[in-house]
Amino acid sequence: MKYLLLSKLIGGDKLNISVVEDNKYEMNNIINVLKSISKEFNIYQASTGEECFKILEKTDIDLFILDIQLPDISGLKIAEKIRNISKYELTYIIFITTHIYFQLDAFKKVHCYDFLEKPYKKQELVEIIKRLSNGISKQKEQIKVNRQQISLQMKNCIVKIYTDEILFVESNKRDCTVHTKNKEFLVKNTTVKKMLELLPIEYFMQVHRSYIINLENIHEIGKYGKNSWAIYFKEYPLYAYVSNSYKNEFLDRFLG
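The rules behind these values
- Residues numbered from 1 in each chain as written.
- Predicted model: local features only at pLDDT ≥ 70, side-chain atom pairs only at ≥ 80, totals over all residues.
- Heavy atoms only, no water.
- Helix = DSSP H or I, 4+ residues; strand = E, 2+ residues; numbered from the N terminus.
- Buried < 20%, exposed > 50% of the residue type's maximum accessible area, 1.4 Å probe, protein only.
- Polar contact = N/O pair within 3.5 Å; in protein donor to acceptor, adjacent residues only side chain to side chain.
- Contact = heavy atoms within 4.5 Å.
- Core = buried A, V, L, I, M, F, W, Y, C linked by side-chain atoms within 4.5 Å.
- Pairing = 2+ DSSP bridges.
- Axes fitted to C-alpha atoms, helices over the stretch in contact; angles between N-to-C directions.
- UniProt positions renumbered as here; feature names shortened; annotations may be inferred.
- Phe/Tyr/Trp six-rings, centres within 6.5 Å; stacked < 30°, edge-to-face > 60°.

Under an unreviewed UniProt entry, the name given to the chain is LytTR family DNA-binding domain-containing protein, and the source organism is Alkaliphilus flagellatus.

Listed below in structure tokens is the structure:
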């Protein structure tokens, strides 16, 4: 029998770095520094605050490198907005600017990790990025070790899936489809009841005779017809249903 282990981190093993800089020459310098350190970085470029936040709508960022003077908004304001997003409360931020007098606000208001004044030495940025990337990688490895998994019996193999990657489970007659962030898995001859026994009850619940959802991955809830609700998931085209009989219990758990 073949065994397949899925071990992708949320957002992948690579580090996602957002560089916000409106000067093309400076942007190229930063990108060249990042590429010289590792080819495993995913680098997301933005020249305005608006572009930066569009990236955040689609991608989880591990490290921010921000210029302070930008065409539409200051880097400090961007950092303040980033800090107001719960998952970025402690994410590393590095400021690069020609204006040293912003330094106090950068450390005091948004708790940046470092503040580089232009012109800076390339080696300064290299050392900071190496230090932070090593720390972030260790944190991700620790998260990976602590994550819960379930084993699913497929036709020719056993698949191990991290439960936090599961969006919802959909029942179709005698089979179940497990919808994850990256792939769908068809599990034959398995009922909703059997799937519920596999999943951690603190995160999953049945919301319809044919659906189990992961409460942690809900992106949006909307009314669907007279007696049901639709649950949407970030960057996923399919959705799950909440029937009227499960609605109150679902809302109690989701809102509570």
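(A) Looking closely at the side chain of Glu21. Here Glu21 lies in the loop between β2 (15-20) and α1 (24-37). For Glu21, a relative accessible area of 2% translates into the label buried. There is a polar contact of 2.9 Å between the side chain of Glu21 and the backbone nitrogen of Asn23. Only 3.1 Å separates the side chain of Glu21 from the side chain of Lys118, close enough to count as a polar contact. When neighbours within four sequence positions are excluded, Glu21 is seen to be in contact with Glu26, Met27, Ala46, Ser47, Asp67, Leu70 and Lys118.

(B) Representation of the nonpolar core within the structure. By size, the foremost hydrophobic cluster in this structure holds 22 residues, and its most contacted members are Val20, Phe64, Leu66, Ile78, Ile93 and Phe95. A total of four residues in this core trace back to one element, the largest contributor, which is helix α3 (residues 75-83). Excluding anything up to four places from it in sequence, Ile93 contacts Phe64, Leu66, Ala79, Arg83, Cys112, Tyr113 and Asp114. Membership of the second largest hydrophobic core comes to 21 residues, among which are Ile17, Leu34, Leu125 and Val126.

(C) Up close: the environment of Glu80. Looking at where Glu80 falls in the secondary structure, it is placed in helix α3. C-alpha of Glu80 to C-alpha of Lys223: the two residues are 143 residues apart in sequence and 34 Å apart in space. Among residues more than four places away in sequence, those in contact with Glu80 are Lys109 and Val110.

(D) Spatial organisation of the sheet that holds strand β16 (residues 239-243). Taken in spatial order, the three strands line up as β14-β15-β16 in an open sheet, and their pairing is antiparallel. In the strand order of this sheet, the two ends are held by β14 (218-224) and β16, each with one partner. On average, each strand axis in the sheet is tilted by 25 degrees relative to the strand beside it, whichever way the strands run. Here β14 runs beside strand β15 (residues 228-233); their pairing, made up of six bridges, is antiparallel. Along β15, the bridge assignment pairs Ile218 with Phe233. Across the sheet, helix α7 (residues 244-255) lies against β14, β15 and β16, angled at about 110 degrees from β16, the strand it touches most.

(E) Examining the UniProt feature "modified residue: 4-aspartylphosphate" (unreviewed entry) in the chain more closely. UniProt feature "modified residue: 4-aspartylphosphate" (unreviewed entry): in the numbering of this structure it lies at Asp67. Setting aside residues up to four positions removed in sequence, Asp67 forms contacts with Val20, Glu21, Asp22, Gly75, Ile96, Thr97 and Lys118.

(F) Region of the structure containing the UniProt feature "domain: HTH LytTR-type" (unreviewed entry) in the chain. The feature "domain: HTH LytTR-type" (unreviewed entry), as annotated in UniProt, sits at residues 150-256 in this numbering. Along residues 150-256 the backbone is 18% helical and 50% strand, and the end-to-end C-alpha distance reaches 26 Å.

(G) Highlighting unusual backbone geometry. A cis geometry characterises the amide bond from Lys118 onward to Pro119, with omega recorded as -5 degrees. Of note, Pro119 is situated in the loop between β6 (114-117) and α5 (122-146). Residue Lys173 is not a glycine yet carries a positive backbone phi of 60 degrees. The class for Lys173 is exposed, based on a relative accessible area of 81%.

(H) Broad picture of the packing of aromatic side chains. With the rule as written, the count across this model stands at 10 aromatic pairs. On the basis of an interplanar angle of 45 degrees and a centroid distance of 6.0 Å, the ring pair of Phe168 and Tyr211 is categorised as tilted. One end of the pair, Phe168, is in strand β9 (residues 166-172); the other, Tyr211, is in strand β13 (residues 211-214), with 43 residues separating them in the sequence. Note on Phe168 and Tyr236: the rings are 6.3 Å apart at their centroids and 80 degrees apart in plane angle, and the pair reads as edge-to-face. Separated by 68 residues along the polypeptide, Phe168 in strand β9 and Tyr236 in the loop between β15 and β16 bring together distant segments of the chain. Since its relative accessible area comes to 16%, Tyr236 is described here as buried.

(I) Examining the sheet that holds strand β5 (residues 92-97) more closely. Ordered by their spatial adjacency, five strands build an open sheet running β3-β2-β4-β5-β6, and the pairing between neighbours is parallel. Each having just a single partner strand, β3 (41-46) and β6 make up the two edges of the open sheet. If you compare each strand with its neighbour and ignore which way they point, the axes differ by 15 degrees on average. Examined bridge by bridge, β2 and strand β4 (residues 63-67) share four bridges and lie parallel to one another.

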